[in-house]
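# Summary of structural features
One-letter residues, chain by chain:
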Amino acid sequence: PSPKKSLCVSRSFAHATSEFNSLRAALSFFACRACVKLREQKSYTSSLCVFVLSVKYENGLYMKYPTSQLVSLEAPTQDTSEILKVSHQCLWSLYQKGETYKKCGIVLLNLTLDRNFIPDFFASQRQEKRSHLMSCIDAMNKRWGKDTLTFASAKLPLNCQPKAERLSIYSTTDKDKLPIVTAKA
């Protein structure tokens, strides 16, 4: 398969929120997921887009108002902490006190494969250490389970849990939990 050119992680919340900290935690959670996917496909991102969807009740109808912010990074990265820092800055500029938010997400753009990545000469030692740290975190989470190690800001609050109404009652990722279908002749 050809490498992806962008990567998006977003969810609608089961319950809308107007709290900045809840929104930030949800965005952090999605950014961490996006970074894991980014490293799994051995890519770097050089820009990102943060978006939020607010809802208002007007004239008997719910109206949706999406807003977003696009940012180019100083250098391509796959470092979760760098992406979290920039995404939090974006969210701070998008957030409007008193608005009710139903969805948020992050899109990593301008992806390049690691074999095409040219490291920043002046920051290469720091990038190497950060890359090793991200590899260690990914290895521990792979061995001990998803989110065994994660960033503190990425703890998803209860009011920002994703909607589960369309989830299958069957686990499709575990072959032992798939339903058995038989046909009678």
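In this report, the structure presented in the accompanying data block is examined.

Conventions used here
- Residues numbered from 1 in each chain as written.
- Predicted model: local features only at pLDDT ≥ 70, side-chain atom pairs only at ≥ 80, totals over all residues.
- Heavy atoms only, no water.
- Helix = DSSP H or I, 4+ residues; strand = E, 2+ residues; numbered from the N terminus.
- Buried < 20%, exposed > 50% of the residue type's maximum accessible area, 1.4 Å probe, protein only.
- Contact = heavy atoms within 4.5 Å.
- Areas by Shrake-Rupley, 256 points an atom, 1.4 Å probe, with all protein chains shown as cover.
- Phe/Tyr/Trp six-rings, centres within 6.5 Å; stacked < 30°, edge-to-face > 60°.
- Expected span 1.5 Å × (residues − 1).
- Polar contact = N/O pair within 3.5 Å; in protein donor to acceptor, adjacent residues only side chain to side chain.
- Pairing = 2+ DSSP bridges.

## Re the overall build of the protein
- Tallying secondary structure elements over the protein gives three helices and five strands in all.
- A total of 185 residues make up the protein; the buried ones form 35% of that total.
- A sequence separation of at least 24 residues applies to 79% of the contacts in the protein between residues at least 6 apart.
- Carbon and sulfur atoms provide 55% of the accessible area of the protein, an area that totals close to 12600 Å².

## A closer look at the packing of aromatic side chains
- Enumeration according to the criterion identifies four aromatic pairs in this entry.
- Taken together, a centroid distance of 5.2 Å and an interplanar angle of 70° make the contact between Phe 20 and Tyr 95 edge-to-face. Pair noted here: Phe 20 is in helix α1 (residues 20-40) and Tyr 95 is in the loop between α2 (80-94) and β4 (100-109), with a separation of 75 residues, a long-range link.
- Overall, Phe 20 belongs to the buried group, its relative accessible area being 16%.
- According to the relative accessible area criterion, Tyr 95 is buried, its value standing at 16%.
- Members of the aromatic cluster, connected to one another through ring pairs, are Phe 20, Trp 92, Tyr 95 and Tyr 101.

## Quick look at the side chain of Ser 10
- Its place among the elements puts Ser 10 in strand β1 (residues 7-17).
- When near neighbours in sequence (up to four residues on either side) are disregarded, Ser 10 contacts Phe 30, Phe 51, Lys 103, Cys 104 and Gly 105.

## Details of α1
- Counted at 1.5 Å a residue, the expected span for α1 with its 21 residues is 30 Å, and the 30 Å between its end C-alpha atoms agrees.
- Downstream of α1 by one or two residues, Lys 42 has phi in the positive range, about 55°.

## Observations concerning the environment of Thr 45
- Structurally, the position occupied by Thr 45 is in strand β2 (residues 43-58).
- On the basis of relative accessible area, Thr 45 is assigned to the buried category, the value being 0%.
- Along the chain, Thr 45 and Leu 113 lie 68 residues apart, while their C-alpha atoms are 9.1 Å from each other.
- For Thr 45, the residues in contact, after removing those within four places along its chain, are Leu 38, Leu 73, Ala 75, Pro 76, Thr 77, Ile 83, Leu 108, Leu 109, Asn 110 and Leu 111.
- Only 2.8 Å separates the side chain of Thr 45 from the backbone oxygen of Ser 47, close enough to count as a polar contact.

## Comments concerning the side chain of His 88
- Relative to the assigned elements, His 88 resides in helix α2.
- Here Ser 28 takes part through its side chain, which lies 2.6 Å from a polar atom of the side chain of His 88.
- Apart from the residues lying within four places of it in its own chain, the contact partners of His 88 are Arg 24, Ser 28 and Ser 153.

## Digging into α2
- Relative to the 21 Å expected for 15 residues at 1.5 Å per residue, α2 spans 21 Å between its end C-alpha atoms, a close match to the ideal helical length.
- All of the buried residues along α2 are Thr 80, Ile 83, Leu 84, Val 86, Ser 87, His 88, Cys 90, Leu 91 and Leu 94.

## Quick word on the pairing of β4
- Counting buried residues along β4, seven of its ten residues qualify, which places the element largely inside the surrounding structure.
- One ladder, built from seven bridges, connects β1 with β4; its direction is antiparallel. The residue bridging Cys 8 from the neighbouring strand is Val 107, located in β4.

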